[in-house]
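An overview of the molecular structure
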Amino acid sequence: MTTSSILRVDNIHVIYDQVILGARGISLELPEGRIHALLGANGAGKTTTLKAISGLIRAERGEVTCGSIHFAGHDVLKSDPAALVSQGLVQVLEGRHCFAELDVDENLRVGAFVRTPSRADLRRGLERIYTYFPRLAERRRSRAGYLSGGEQQMLAIGRALIASPRLVLLDEPSMGLAPQIVIEIFEIVRRLNHEEGVSFLLAEQNAAIALRYSDHAHILENGRIAGSGPSAELAERDDVRASYLGIGAEGRRSFREARHYHSRRREH
Amino acid sequence: MDFFLEVLIGGLLAGIMYSMVAIGFVLIYKASGVFNFAQGSMVLFAALTFVSLVERGFAFWSAFATTLGAMLALAWAIERGVLRPLVNRPPITLFMATLGVSFIIEGLAQLLWGAQVHGLELGIKDEPIDLGGILLSRFDLFAAGIAALLVLALSLLFSRTRIGLSLRSVASDPLAALATGIRVQRIWAVVWAVAGFVGLIAGLLWGARLGVQFSLSLVVLKALPVLIIGGFSSIGGAIVGGLIVGAGEKLAEVYAGPVIGDGLENWFPYVLALLFLLVRPAGLFGQRTIERV
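Residues numbered from 1 in each chain as written. Chains lettered and ligands numbered in written order. Predicted model: local features only at pLDDT ≥ 70, side-chain atom pairs only at ≥ 80, totals over all residues. Heavy atoms only, no water.

1. Section: the interface of chain A and chain B
The line we're drawing: Residue contacts follow a heavy-atom distance rule, with two residues in contact if any of their heavy atoms lie within 4.5 Å. Put simply, buried area is how much 1.4 Å-probe accessible surface two parts lose in total, over both of them, once they are put together. By convention in these notes, a salt bridge is any Lys or Arg side-chain nitrogen within 4 Å of a carboxyl oxygen on Asp or Glu. Throughout this description, a polar contact denotes any pair of N or O atoms lying within 3.5 Å of each other; where both atoms belong to protein, one of them has to be capable of donating a hydrogen while the other can accept it, and for residues adjacent in sequence the pair is counted only when both atoms sit in side chains. Numbered from the N terminus, helices here are DSSP runs of H or I no shorter than four residues, and strands are runs of E no shorter than two. All amino acids are sorted into three groups, where Ala, Val, Leu, Ile, Met, Phe, Trp, Tyr, Cys and Pro are nonpolar, Asp, Glu, Lys and Arg are charged, and the leftover types, Gly among them, are polar.
Counting from both sides, the interface comprises 39 residues of chain A and, opposite them, 21 residues of chain B. When the two sides are added together, the surface that chain A and chain B hide from each other amounts to roughly 2,500 Å², 61% of it contributed by carbon and sulfur. Of all residues in chain A, Phe99, Glu101 and Phe113 of chain A give up the largest surface area on contact with chain B, accounting jointly for 22% of the area buried on that side. In this assembly, chain A and chain B are joined by 2 salt bridges. Linking Arg183 of chain B and Asp80 of chain A is a salt bridge whose minimum nitrogen-to-oxygen distance equals 3.5 Å. Taken together, the links from chain A to chain B amount to 6 residue pairs in polar contact (both at pLDDT 80 or more). Secondary structure elements with two or more residues in the side of chain A that touches chain B: helix 2 (81–87), strand 6 (89–92), helix 3 (104–112), helix 4 (119–132) and helix 6 (149–161) of chain A. Across the side of chain A that touches chain B, the residue classes tally to 19 nonpolar, 9 polar and 11 charged.

Put into structure tokens, the structure is as follows:
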């Protein structure tokens, strides 16, 4: 383990309800200050992997049965989610999960409580989030349930950021959003990464955008890592382009080509 | 007209007493989705402990403080010992667990303090007072005042404090609260403690009104229509539901009782509740989920 890696996942297996397999031997390492992506189709194990890392898997009757996860020297499997958040590991859930009945300001405040901030700290924290997301500042007294999808995604990210995390797990940030909004959100992720050194591990079905904004990516299939590499290289690989970017060597991908790719991966 | 007003206002004031019990349910239901059937037993346990301490020579406030301590310990024990191990189980399992707990508390109370009926004197005489030609019970007015203070205190807790905001976040989306670093189980413990406190207040008022006896735990059954009408997840709803039930049953008894028969008061609230279930199942103020389409 290199000293600079903030997250190290070692060969984890996850089961739900003691029977259903969610992840089968996933290993990955994230150097501090980087953006890594998990790509894959529905049910490939992206969300399961993120929830195993944040400890939320236990709230959904899931369990990491073997392997280990370390975040900044802490044994994740021995910590509860609240302790992990206070150590700087925050997950932004798929589907935003804003507190619909609370207004924008209150949503952000709740995110800050884990640090037990003073009133002045809390005010500074809120202002910092509102400079990153001016749109939220305009709507600070609106109930979160009435925000647009993009605003809710910003709120969910802001609520995670106000806890001053070192690593943010971002699950499907692009889901259901218009292309311009998706770019806006990913630009903010990049800014946070550059300006504040926050590391990101993001799960995305939208492989094109994830590969554009990440340094490194892992491709998940059936709960296993089917391939990894620097994002720029993956974006050029024919098999990745065929299966995840929808571009075949001769144009559009066909189902058979994708099948061929899958069977080739399995022989490795 | 004066007679009508007298019945109406008397009913409204009596309804506040139902609200006090219903609020205890709402708190726990809102924060953890558990329908705590044991709330009635908690009311009984509080009243019985208080009255037994007073009979053993405790002064009012020291008996109050000791009972409060006992209620907090009881609430903590139920949350920690029964509900926490059952977390993520289906709601019916949790409900059955609280039903069991309810009988255990009643048994324990009986074991500790015996089964006889006690009178409870709060120093407020239950005598009518004349307000502009309308006769009202002094005790009911006092109870309504206490209820108003209680609701004010709760709403300040929810809107002005960090613990209150955390509590509302857990009620809104438990998974997101967990992901945000809220210690959800600590919040549940707080909610149970507050419900224990509300149970104590309700226990003293109901005990003073009916005498402290085992049928006191049956006030839960009157809280049910209040909850169905007001909605399970709103304190304001519990108040309004209580008012509707209180006024409804008194008016029904006085005006329809002679035609339909005595005892209408006892089952009329359930008729109202059934009507609400048919027309507006979430209750007047029940959680209407905000959903973007």
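Moving on, there is more to tell.
2. Regarding the side chain of Asp103 of chain A
All names here are of chain A. Its location among the elements puts Asp103 in the loop between strand 6 and helix 3. A distance of 3.2 Å separates a polar side-chain atom of Asp103 from the backbone nitrogen of Asp105. When residues no more than four places from it in sequence are discounted, the contact partners of Asp103 are Arg140, Arg141, Ser142, Arg143 and Ala144.

3. Some details on the pairing of strand 3 (residues 35–39) of chain A
Residue and element names in this part refer to chain A. Test applied: To sort residues, take the accessible area from a 1.4 Å probe on protein chains only and compare it with the maximum for the residue type: under 20% means buried, over 50% means exposed, and anything in between is partly exposed. Pairing between two strands requires that DSSP report at least two bridges joining them.
A large share of strand 3 lies buried, amounting to 5 of its 5 residues. Because side chains alternate across strand 3, one face comprises the buried residues Ile35, Ala37 and Leu39, and the other comprises His36 and Leu38, equally buried. Of the pairings in the sheet, the one linking strand 3 to strand 8 (residues 199–204) comprises 5 bridges and is parallel in character. Bridged to His36 within strand 8 is Leu201. Bridging between strand 3 and strand 9 (residues 216–221) involves 4 bridges; their strand directions are parallel. Looking at strand 9, one finds that Leu38 is bridged to His218.

4. A closer look at the layout of surface pockets
The cut-off we apply is this: Only protein atoms enter the 1 Å grid, on which a cavity is a set of points fitting a 1.4 Å probe that cannot get out and a pocket is an open set with protein on both sides within 12 Å along at least 5 of 7 lines, lining residues being those with an atom within 4 Å of a point. Grid points are joined across faces, edges and corners, and a volume is the space filled by probe spheres set on the points.
Quantified by volume, the largest pocket comes out at close to 1,100 Å³. Elements with a contribution of two residues or more to the lining of the largest pocket: helix 2 of chain A together with helix 1 (2–32), helix 3 (60–83), helix 4 (91–113), helix 6 (162–172), helix 7 (174–179), helix 8 (184–210) and helix 9 (219–230) of chain B. A per-class count over the lining of the largest pocket returns 26 nonpolar, 10 polar and 9 charged.

5. Quick look at the side chain of Ser231 of chain A
All names here are of chain A. On the secondary structure map, Ser231 appears in helix 9 (residues 231–236). Here Ser231 falls in the buried class, since its relative accessible area comes to 1%. Within polar-contact distance, the side chain of Ser231 engages the backbone nitrogen of His216 at 3.0 Å.

6. Quick word on the environment of Glu106 of chain A
Within the secondary structure, Glu106 of chain A sits in helix 3. On the basis of relative accessible area, Glu106 of chain A is assigned to the buried category, the value being 17%. Beyond its immediate sequence surroundings of up to four residues, Glu106 of chain A is in contact with Leu165 and Arg168 of chain B.

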